[in-house]
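In case you want the letters, here they are:
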Amino acid sequence: MNVKITGTGCYIPTQVTTNSSFSKFEFLNTDGSPINYSNEVIIEKFKAITGIENRRYVKDNYATSDIAFFAAEKAIEDAKTDKETIDYIIVAHNFGDIKHGTTQSDAVPSIASRVKQSLKIKNPRCVAYDVLFGCPGWIEGVVQAQAFIKAGMAKKCLVIGAETLSRVIDIHDRDSMIYSDGAGATILEATPNNTGILSHLSATYAYNEADYLFFGKSYNQTADSTKYIKMYGRKIYEFAVTHVPQAMKDCLDQSNTAIEDVKKIFIHQANEKMDEAILKRFYRLYNKTIPEGIMPMNIHELGNSSVATIPTLFDSVKKGMIENQEVNTGDIVMFASVGAGMNINAITYKI
């Protein structure tokens, strides 16, 4: 028995925030001193490295649980399934619900419970809980759903990745330009066919790496004690390009799949240059060149929405929403992510 995705859905916020929107920001160094470059130069360098031109922010009246619900509705509809037959709702996020104009995270009740309430599911044996696993949270939720189904504890699971990072950014930190909002959802069920999840791998590096992403004060030394998402970008880049390619290889080898048979690779949309470096090193481990068009990207227009990037990207490709990208029945694809923890995971999957 394998476990496969039978439905997908995503919510892409309608509010577009361009790079030029940051032109009036006062970007500071970590010690609060001014950066010795104009915002024009900072933004130009940012785009060259990350590939981001635009990002999406939610409307003021929406929170993480709202957009998670929107994506879930679409996934349930796509799977043509009865919501009352869902055994688990697993929601990956990092910061809970943060309402517009506030600074306090709200995760009680869980985001998953709020989604279940919004879906109006009556079945009390539909268990709802959250996963905090950094950007790889959606993949980890899928891994857990597979475990429940294979163990006979569930027949159907709803796994969601949702985040509103626009609510936790420091306007004095140039890294704030990376982050965005979004939600992606999937329904997973057992299948008797040799499709679905073929292999998976997860790992946590925390001996020296746990604080590469953290919650910290504003770079504005006169600001209050409010904390925002912070990262050591260079350390994360070096960690990712060092460890993710090998994790992907170990995962692929575990599935007994040849690298030539992989049709698409869906990597967490964190940074275009980093993803390209990961892919290059992954293929180098097999002494192979990178096939053209194998790595779909939407970071240019959507930015980095953390746990939502991969399910959003997969749904968009699956439904023909990205030009010159498609997946077909029988295709073997990979999902891979890296993020706070520092956590890494990967899945080899047959459509």
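Coordinates for the structure precede this section.
Predicted model only: the values in this text are computed from it and were never measured.

> Whenever I open this one, the overall build of the chain confuses me. Can you help?
From N to C terminus, the chain includes eight helices and 13 strands. Computed over its C-alpha atoms, the radius of gyration of the chain comes to 19 Å, within 12% of the 20 Å expected for a compact globule of 351 residues. With respect to the principal axes defined by its C-alpha atoms, the chain has extents near 60 × 50 × 40 Å. Taken across its 351 residues, the chain has 56% of its residues classed as buried. For the chain, contacts bridging at least 24 residues in sequence account for 77% of all contacts bridging at least 6. Total accessible area on the chain stands at roughly 15400 Å², and carbon and sulfur atoms take up 49% of it. Between the centroid of the 37 positive side chains of the chain and the centroid of its 40 negative side chains there is a distance of 3 Å.

> When you look at the environment of Glu-276 in this model, what are you seeing that I'm missing?
Tracing the sequence through the fold places Glu-276 in helix H6 (residues 272-284). With a relative accessible area of 36%, Glu-276 lands in the partly exposed category. Along the chain, Glu-276 and Asp-87 lie 189 residues apart, while their C-alpha atoms are 38 Å from each other.

> Teacher, can you tell me more about the pairing of strand S12 (residues 332-339) here?
Two faces make up the sheet, and in a regular strand the side chains alternate between them. Of all eight residues in S12, eight are buried, a share of seventy percent or more. Because side chains alternate across S12, one face comprises the buried residues Ile-332, Met-334, Ala-336 and Val-338, and the other comprises Val-333, Phe-335, Ser-337 and Gly-339, equally buried. Sheet topology note: the strand S11 (residues 262-267)/S12 ladder contains five bridges and is parallel. Note that in S12 the partner of Ile-267 across the bridge is Ala-336. As defined by bridge partners, S12 adjoins strand S13 (residues 343-350) across eight bridges and the pair is classed as antiparallel. Among the inter-strand pairings, Val-333 is bridged to a residue of S13, identified as Tyr-349.

> For this particular structure, what's the right way to read the environment of Glu-260?
Mapping Glu-260 onto the fold places it in the loop between helix H5 (233-254) and S11. Sequence separation of Glu-260 and Met-1 is 259 residues, and the distance between their C-alpha atoms is 25 Å. At a separation of 2.9 Å, a polar atom in the side chain of Glu-260 contacts the side chain of Lys-288.

> Can you walk me through the side chain of Asp-331 in this structure?
Examined against the element boundaries, Asp-331 turns out to sit in the loop between helix H8 (309-318) and S12. Notably, Asp-331 is buried but unbridged: the nearest opposite-charge side chain belongs to Lys-263, and the N-O separation is 5.7 Å. Separated by 2.8 Å, the side chain of Asp-331 and the backbone nitrogen of Asn-328 make a polar contact.

> Help me out: how do you make sense of the sheet that holds strand S7 (residues 181-191) in this one?
Either a parallel or an antiparallel arrangement is found when strands of a sheet pair, and the pairing is made through backbone hydrogen bonds. Strands sit in the order S1-S7-S6-S4-S5 across an open sheet of five strands; the sheet is mixed. A single partner strand is all that each edge strand has here, and the edge strands are strand S1 (2-11) and strand S5 (127-131). Ignoring which end each strand starts from, the neighbouring axes of this sheet average 20° apart. Pairing between strand S4 (residues 88-92) and S5: five bridges, direction parallel. Across the sheet, the residue bridging to Tyr-88 is Val-127, located in S5. Helix H2 (residues 64-79) contacts S1, strand S6 (156-164) and S7 of the sheet and is inclined by roughly 125° relative to S1.

> I would appreciate a short explanation of the packing of aromatic side chains in the present structure.
How two aromatic rings sit relative to each other is given by the distance of their centres and the angle of their planes. Across all of its chains, the model carries 20 aromatic pairs by this definition. With 5.7 Å between their ring centres and 50° between their planes, Phe-69 and Phe-70 make a pair best called tilted. Geometrically, the ring pair formed by Tyr-88 and Tyr-129 is edge-to-face, given 6.3 Å between the ring centres and 90° between the ring planes. Here the residue Tyr-88 occupies a position in strand S4, and Tyr-129 occupies one in strand S5, the gap between them amounting to 41 residues. The class for Tyr-88 is buried, based on a relative accessible area of 12%. Linked through ring pairs, Trp-138, Phe-266, Phe-314, Phe-335 and Tyr-349 together constitute an aromatic cluster. Looking at Lys-230, its charged tip hangs above the ring of Tyr-219, at a distance of 3.4 Å from the centre. Across the ring face of Tyr-232, the terminal group of Lys-235 is positioned such that the distance to the ring centre comes to 5.1 Å.

The rules behind the values
Residues numbered from 1 in each chain as written. Predicted model: local features only at pLDDT ≥ 70, side-chain atom pairs only at ≥ 80, totals over all residues. Heavy atoms only, no water. Helix = DSSP H or I, 4+ residues; strand = E, 2+ residues; numbered from the N terminus. Rg over C-alpha atoms; globule rule 2.2 N^0.38 Å. Buried < 20%, exposed > 50% of the residue type's maximum accessible area, 1.4 Å probe, protein only. Contact = heavy atoms within 4.5 Å. Areas by Shrake-Rupley, 256 points an atom, 1.4 Å probe, with all protein chains shown as cover. Lys, Arg positive; Asp, Glu negative; His and termini not counted. Charge placed at Lys NZ, Arg CZ, Asp CG, Glu CD. Pairing = 2+ DSSP bridges. Polar contact = N/O pair within 3.5 Å; in protein donor to acceptor, adjacent residues only side chain to side chain. Salt bridge = Lys/Arg side-chain N within 4 Å of Asp/Glu carboxyl O. Axes fitted to C-alpha atoms, helices over the stretch in contact; angles between N-to-C directions. Phe/Tyr/Trp six-rings, centres within 6.5 Å; stacked < 30°, edge-to-face > 60°. Lys NZ or Arg CZ within 6 Å of the ring centre and 35° of its normal.

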